[in-house]
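A closer look at the structure
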Amino acid sequence: APGLHGNGLVAVALGGVALTPGASSTVQLNEDLAFDVQVANQGEHTETDVTVRVRVGEGDDAIPLEETLDTIAPGETKTVTLPLPEQPPTGQNVAIEVEVRPVAGEEKTDNNSQSYSAIFTR
């Protein structure tokens, strides 16, 4: 449909700890640890099947996560929860990449992803 399409990454929390770009956050590991990713529809149309991806770590040891937001209305903000299925390394900075995949017709994508880091503790 004509008009503006697109979503933006608003905020990311892990286990209740807000993650900040460019700063390292300390996160205590537990068996129910999950990412809460806030996504905002910044376009003029309802978007469907919006994919949210999180990558914890780097290289072959990275933990990939993915969830799909069924629908989000214009101006609406929704939270997508992505459980962390395995424990990342502890006691060191671990890279975290979060991305809201572009939707059809989306032209502005510089607000769709962000890099974070966390130190996981037991």
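Residues numbered from 1 in each chain as written. Predicted model: local features only at pLDDT ≥ 70, side-chain atom pairs only at ≥ 80, totals over all residues. Heavy atoms only, no water.

**Considering the overall build of the protein chain**
- Looking only at helices and strands, the protein chain has 0 helices and 9 strands in total.
- The order of helices and strands in the protein chain, counted from the N terminus, is β-β-β-β-β-β-β-β-β.
- Compactness check: the protein chain gives a C-alpha radius of gyration of 15 Å against a globular reference of 14 Å for 122 residues, within 12% of the reference.
- If one aligns the C-alpha atoms of the protein chain with their principal axes, the spans along those axes are about 50 × 25 × 25 Å.
- Considering the protein chain as a whole, with its 122 residues, one finds that 39% of them fall into the buried category.
- Considering only intrachain contacts with a sequence separation of at least 6, the fraction spanning at least 24 residues in the protein chain is 68%.
- About 6600 Å² of surface is accessible on the protein chain, with carbon and sulfur atoms providing 43% of the total.
- Distance between charge centres in the protein chain, computed from 6 positive and 19 negative side chains, equals 3 Å. (Helix = DSSP H or I, 4+ residues; strand = E, 2+ residues; numbered from the N terminus. Rg over C-alpha atoms; globule rule 2.2 N^0.38 Å. Buried < 20%, exposed > 50% of the residue type's maximum accessible area, 1.4 Å probe, protein only. Contact = heavy atoms within 4.5 Å. Areas by Shrake-Rupley, 256 points an atom, 1.4 Å probe, with all protein chains shown as cover. Lys, Arg positive; Asp, Glu negative; His and termini not counted. Charge placed at Lys NZ, Arg CZ, Asp CG, Glu CD.)

**Quick notes on the nonpolar core**
- Judged by nonpolar contacts, the single largest core of 29 residues is most densely connected at Phe-35, Val-37, Val-54, Val-56, Ile-96 and Phe-120.
- Elements that contribute at least two residues to this core include exactly strand E1 (7–14), strand E4 (34–41), strand E5 (47–56), strand E6 (63–72), strand E7 (77–83), strand E8 (93–100) and strand E9 (113–121).
- Setting aside anything within four residues of it in sequence, one finds Val-54 in contact with Phe-35, Val-37, Ile-63, Pro-64, Leu-65, Leu-82, Ile-96, Glu-97 and Val-98. (Core = buried A, V, L, I, M, F, W, Y, C linked by side-chain atoms within 4.5 Å.)

**Considerations on unusual backbone geometry**
- Backbone geometry at Asp-49 places phi at a positive 50°, although glycine is not the residue there.
- Its location among the elements puts Asp-49 in strand E5.

**Examining the environment of Gln-42**
- Mapped onto the elements, Gln-42 comes out in the loop between E4 and E5.
- In the structure, Gln-42 is positioned 32 residues away from Pro-74 in sequence and 6.3 Å away in space, judged by C-alpha atoms.
- With residues up to four places along the chain from it excluded, the contact list for Gln-42 reads Gly-6, Asn-7, Gly-8 and Asn-111.
- Of note is the side chain of Gln-42, whose polar atom sits 2.5 Å from the side chain of Asn-111. (Polar contact = N/O pair within 3.5 Å; in protein donor to acceptor, adjacent residues only side chain to side chain.)

**Focus: the environment of Gln-28**
- Checked against the element boundaries, Gln-28 lands in strand E3 (residues 24–28).
- Separated by 92 residues in sequence, Gln-28 and Phe-120 have C-alpha atoms that sit 5.7 Å apart.
- When near neighbours in sequence (up to four residues on either side) are disregarded, Gln-28 contacts Leu-33, Thr-121 and Arg-122.

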